[in-house]
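Below are the chains, spelled out letter by letter.
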Amino acid sequence: MITAAAGSPKPSSRTVTPTVETVLAFVNTRADGSGRRELFGDGDSFAAWLAERDEFGGETVVTDADAAVARELRDALVTVLLAHSGDEESLGEPLLRAERHLRRVGSLYPLATVVTAGGVELASPQAGVPRVFGTVLAAVTTFAQSGDWGRIKACRNPPCHFGFFDRTRNGGGLYCSTGCGSQVSMRKHRQRQRHGSGAPSEA
């Protein structure tokens, strides 16, 4: 359940809120080819991941089909976060497909608004795995309404694409770490050397 308390101050544009943590926890479950393993590979691995996450209701019975749905939702979100980083391969048709998929997911897992004297909450009225997907959508919706949705990004360094919150003052961060930024710069430097050009290229 994602809460926006009445009268609470708006967080700084560089504050990692619980909603951001929820989104990043979900998107950072994919294998990246350099050590991170796939956490939604099948029903058992998805269930094990859920058992460690209180915000998703803890331990839940899931199937391999549920894990496949989770992967599709996650990958669509990663494409959107890559677009936030200006990743050219994620723009155009890949982004349109991701946005269409997210619209379908939003219709399958609708949210309920819960109003109390203490604040307003977005929550999934469903149970089990549908509640998990609804919780992700509630986190996305709540944070996006802050106006800083574009600060949740995916690293532009392939194959990393790790989700991160851009804390830079101008919101211009492209990489999850200085290490990834250095790797991209080094690859571009080597490409220029191979092509016999010393002209600088934007990372």
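Residues numbered from 1 in each chain as written. Predicted model: local features only at pLDDT ≥ 70, side-chain atom pairs only at ≥ 80, totals over all residues. Heavy atoms only, no water.

As annotated in an unreviewed UniProt entry, the chain carries the name RNA-binding Zn ribbon-like protein and comes from Streptosporangium brasiliense.

Colleague: I would appreciate a short explanation of the pairing of strand S3 (residues 119-123) in the present structure.
Modeller: Moving residue by residue along a regular strand, the side chains alternate between the two faces of the sheet. Where strand S2 (residues 112-116) and S3 come together, five bridges link them in antiparallel fashion. In the sheet register, threonine 116 faces S3, and the bridge partner there is glycine 119. Between S2 and S3, which pair antiparallel and follow one another directly, the connecting turn spans two residues. (Pairing = 2+ DSSP bridges. Helix = DSSP H or I, 4+ residues; strand = E, 2+ residues; numbered from the N terminus.)

Colleague: I'm lost on the packing of aromatic side chains in this one. Help?
Modeller: One pair of aromatic rings is described through two measures. These are the centre distance and the angle between the planes. Counted according to the given criterion, the structure contains nine aromatic pairs. Where phenylalanine 46 meets tryptophan 49, the ring centres are 6.5 Å apart and the plane angle is 25°; that geometry is what we call stacked. Linking phenylalanine 46 with tryptophan 49, this pair stays in helix H2 (residues 43-51), spanning three residues, or about one helical turn. Taken individually, phenylalanine 46 and tryptophan 49 each receive the classification buried, so the pair is uniform in this respect. Each ring, one from tryptophan 49 and one from phenylalanine 56, has its centre 5.2 Å from the other, and the planes form 40°; the classification is tilted. (Phe/Tyr/Trp six-rings, centres within 6.5 Å; stacked < 30°, edge-to-face > 60°. Buried < 20%, exposed > 50% of the residue type's maximum accessible area, 1.4 Å probe, protein only.)

Colleague: Would you explain helix H5 (residues 128-144) in this entry?
Modeller: For an α-helix, the turn length of 3.6 residues means that residues three or four places apart are oriented alike. In a regular helix each residue adds 1.5 Å, so 17 residues correspond to 24 Å; H5 covers 25 Å between its end C-alpha atoms and thus fits that length. Among the 17 residues in H5, 12 count as buried, and that is most of the element. Those residues of H5 not exposed but buried are Val129, Val132, Phe133, Gly134, Thr135, Val136, Leu137, Ala138, Ala139, Val140, Thr142 and Phe143. (Expected span 1.5 Å × (residues − 1).)

Colleague: Looking at this model, I keep getting lost on helix H4 (residues 93-108). Mind explaining?
Modeller: In a regular helix each residue adds 1.5 Å, so 16 residues correspond to 22 Å; H4 covers 23 Å between its end C-alpha atoms and thus fits that length. Regarding H4, the residues found buried are Leu95, Ala98, His101, Leu102 and Val105. Down the axis of H4, the sector holding all buried residues measures 125°, keeping them to one side. Seen from the open side of H4, the exposed residues pointing more than 90 degrees away from its buried face are Arg103 and Ser107. Structurally, H4 contributes buried residues whose contacts are with helix H3 (64-84) and H5. (Arc of directions from axis to C-beta. Contact = heavy atoms within 4.5 Å.)

Colleague: How should I be thinking about the packing of H3 against H4 in this particular structure?
Modeller: For any two helices packed against each other, one specifies the crossing angle of their axes together with the interaxial distance. Relative to each other, H3 and H4 sit at 130°, their axes nearing to 9 Å. Overall, the two elements H3 and H4 adopt an arrangement that is oblique. Both H3 and H4 take part in a crossing whose hand is left-handed. On H4, the residues that touch Glu72, Leu73, Ala76, Leu77, Thr79, Val80 and Ala83 of H3 are Pro94, Leu95, Ala98, His101, Leu102 and Val105. Of the residues assigned to the contact of H3 with H4, the class counts are 10 nonpolar, two polar and one charged. (Axes fitted to C-alpha atoms, helices over the stretch in contact; angles between N-to-C directions. Parallel < 35°, antiparallel > 145°, perpendicular 65-115°, else oblique. Left-handed = near helix turned anticlockwise from the far one by under 90°. Nonpolar A, V, L, I, M, F, W, Y, C, P; charged D, E, K, R; others polar.)

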